[in-house]
Amino acid sequence: MRSMNVHVTVGVRARGPCGSGNMLGGVAPQRGLCVTAAGTVAHGKLEGRKGAESTGVGKKGIHGGVRRFEEIPHTGRSGWVNLVKFWREDRFRQLHKHMERTFNALGPIYREHLGTHSSVNIILPSDIAELFRSEGLHPRRMTLQPWATHRETRQHSKGVFLKNGEEWRADRLLLNKEVMMSAAVRRFLPLLDEVAMDFCRMLRGKVEREGRGEEGKRSLTMDPSPDLFRFALEASCHVIYGERIGLFSSSPSLESQKFIWAVERMLATTPPLLYLPPRLLLRIGAPLWTQHASAWDHIFTHAEARIQRGYQRLFQTRGSEAGAAGGQYTGVLGQLMEKGQLSLDLIKANVTELMAGGVDTTAVPLQFALFELGRNPEVQERVRQQVRASWAQAGGDLQKALQGAPLLKGTIKETLRLYPVGTTVQRYPIKDIVLQNYHIPAGTMVQACLYPLGRSADVFEDPLRFDPSRWGSSREEGQKGEGAGAFRSLAFGFGARQCVGRRIAENEMQLLLMHILLSFHLSVSSSEDIKTTCTLILQPETPPRITFSQL
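Remember, it's a predicted structure, so these values are computed and weren't measured experimentally.

A word on the packing of aromatic side chains. Using the criterion set out here, one finds 15 aromatic pairs in the structure. By way of ring pairs, the aromatic residues Phe-86, Trp-87, Phe-92 and Tyr-275 are connected into one cluster. Across from the ring centre of Phe-494, 4.5 Å away, lies the NZ or CZ of Arg-427, which sits over that ring. The ring of Tyr-419 has Arg-455 lying over it, and the distance from NZ or CZ to the ring centre is 5.5 Å.

Given below as structure tokens:
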């Protein structure tokens, strides 16, 4: 799954309850908190029992020991009351900003209850590192229960995104060979590059036809988001199914447009369903559940048709040298079928999850990346010069071209730092741990909150500055704290349970940006921050308009 870690604009200083200005990232670990754990936060302001602020109790208990779990600052004890407030105040769409305000008010750790959902939220890399050390051999993250319920009620197998334990590990190790290993990347890079080059060819034609200016130097201002969604779907289908679906033609198929709509509807209906019992909603026929299930049904139907075609191609080419064994790459689906180590049902479950998670989660970051490059022309030119030099020296070797332009990868990392696709990464520690001197029992869901982390002045120098060079391999500039760089870039998760589609997504975005920068200068009419909203992923409230000028 492409970075679907479930649960710009801001440059404000939030005032803590003691009047101190905590810059965007909460309180640094060495600072004492000026509130007790009895305090709660509402509307970004602290509330609590009488005398909570006057006690002056810091992170240590009265006798200096590790503090109890119940003493962790929280946003309210009743999950159902909190859930009603979230709905009434439409906080789901601004969940990332809610987290940021809460860290600024309560410090670097807090508890939250929403309906049936309970979590401990953290922000500091040192705490995330401790969480990682306790994830065990079979890491668990939050189960998206609406998705699991859909699979169970439709009697579909579950992919690795919804599995846990040894069953998850066995399937994941097989998938890694086809989507994560360097040999797999070498196989699918040419397919991604083919689609990226076709996208730029389509974009050049559009600028020539609709742009202003003299021939060869035309400019066109447009919303690129519909084309970026088509690119992401075309690229995903080519790599996963081994086939092109013709989305850059003058009349892309209605079927593909419906697939994109279904993915968007599935993502939009997931967050509200996370905090309610899905089977109850199923039983009463709630419209929200019906929309969610119908969207998934369409996604599975789309996948089923392509899987059947893939199976027919494999059957026809078996015994000939035209198959995968003969050297022709047949996509992730063809590789899995050829090797036969996963059942057809498990292959279907996993490639469907990869497809569902491979459209919005690359198309949306590309919107943010184009915007940031457009409003930072000096950064854009530095990246372009490096890309030109690397492309010229690579001699057509795609891996060499990407490796020779580290600012390109830095651009993706910097975009995802400021605009993480999924706003949290979750784990359940297999043993008791201590975070911020609070006891966290084994089995507690702990969330690393990526949006406030990426904008924290306690973690990054000048955090609102877009600077791809801060991710340089020799020295991670612009990062603070011991072990600079560790557990600061988490958009694809971490460890054995990091995003299974990571290598596809990273290379897909880098290749497209490479070809765009070789062909166009990017600019924006306004440098104002983009307003963002949260469905299951972070995205712009209104897609940014970009001016593409021919070079």
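Once you've had a look at it, read on.
This part covers helix 7 (residues 225–240). With 16 residues, helix 7 extends 22 Å from end C-alpha to end C-alpha; this agrees with the ideal 22 Å at 1.5 Å per step. Taken across its 16 residues, helix 7 has 15 buried, putting it largely inside the fold. Among the residues trailing helix 7, Gly-242 stands out with phi positive, at a value near 75 degrees.

Moving on to the side chain of Asn-82. Take Asn-82: it is sitting in helix 1 (residues 79–88). Classification of Asn-82 by relative accessible area gives buried; the value is 6%. Those residues in contact with Asn-82 that lie beyond four places of it in its chain are Thr-75, Gly-76, His-113 and Leu-114.

What follows is about unusual backbone geometry. A positive phi is found at Asp-90, a non-glycine position, where the angle reads about 55 degrees. Positionally, Asp-90 belongs in the loop between helix 1 and helix 2 (95–106). Here the phi dihedral of Gln-436 falls at roughly 55 degrees; this positive angle occurs in a residue that is not glycine. Counting through the fold element by element, Gln-436 comes out in the loop between strand 9 (433–435) and strand 10 (438–440).

Before going further, it helps to examine the UniProt feature "binding site: heme" (unreviewed entry) in the chain. Using the residue numbers shown here, the UniProt feature "binding site: heme" (unreviewed entry) corresponds to Cys-499. Residue position: Cys-499 is located in the loop between helix 17 (450–454) and helix 18 (502–519). Take Cys-499: its relative accessible area is 2%, and that puts it in the buried class.

Applying the stated criterion across every chain yields a total of 35 salt bridges. Close ionic contact of Glu-208 with Arg-218 constitutes a salt bridge, the shortest N to O distance being 3.3 Å. Taken together, the positions of Glu-208 in helix 6 (residues 182–210) and Arg-218 in the loop between helix 6 and strand 7 (219–222) put the pair 10 residues apart, joining distant regions of the chain. The closest approach of N and O atoms between Asp-462 and Arg-465, which form a salt bridge, is 2.9 Å. On the basis of relative accessible area, Arg-465 is assigned to the partly exposed category, the value being 35%. A single network of salt bridges, built from pairs that share partners, joins Glu-194, Asp-198, Arg-201, Glu-234 and Arg-244.

With that settled, consider the sheet that holds strand 12 (residues 520–523). Taken in spatial order, the 3 strands make up an open sheet running 7-15-12, and their pairing is antiparallel. Both edges of this open sheet fall to strand 7 and strand 12, since each of them pairs with a single strand only. Averaged over all pairs of adjacent strands, the angle between their axes in this sheet comes to 20 degrees, without regard to strand direction. Against the sheet, helix 6 engages strand 7, strand 12 and strand 15 (546–550), with an angle of about 105 degrees to strand 7. Along the sheet, helix 18 makes contact with strand 12 and strand 15, crossing strand 12 at roughly 100 degrees.

Reading the values: the criteria
- Residues numbered from 1 in each chain as written.
- Predicted model: local features only at pLDDT ≥ 70, side-chain atom pairs only at ≥ 80, totals over all residues.
- Heavy atoms only, no water.
- Phe/Tyr/Trp six-rings, centres within 6.5 Å; stacked < 30°, edge-to-face > 60°.
- Lys NZ or Arg CZ within 6 Å of the ring centre and 35° of its normal.
- Helix = DSSP H or I, 4+ residues; strand = E, 2+ residues; numbered from the N terminus.
- Expected span 1.5 Å × (residues − 1).
- Buried < 20%, exposed > 50% of the residue type's maximum accessible area, 1.4 Å probe, protein only.
- Contact = heavy atoms within 4.5 Å.
- UniProt positions renumbered as here; feature names shortened; annotations may be inferred.
- Salt bridge = Lys/Arg side-chain N within 4 Å of Asp/Glu carboxyl O.
- Pairing = 2+ DSSP bridges.
- Axes fitted to C-alpha atoms, helices over the stretch in contact; angles between N-to-C directions.

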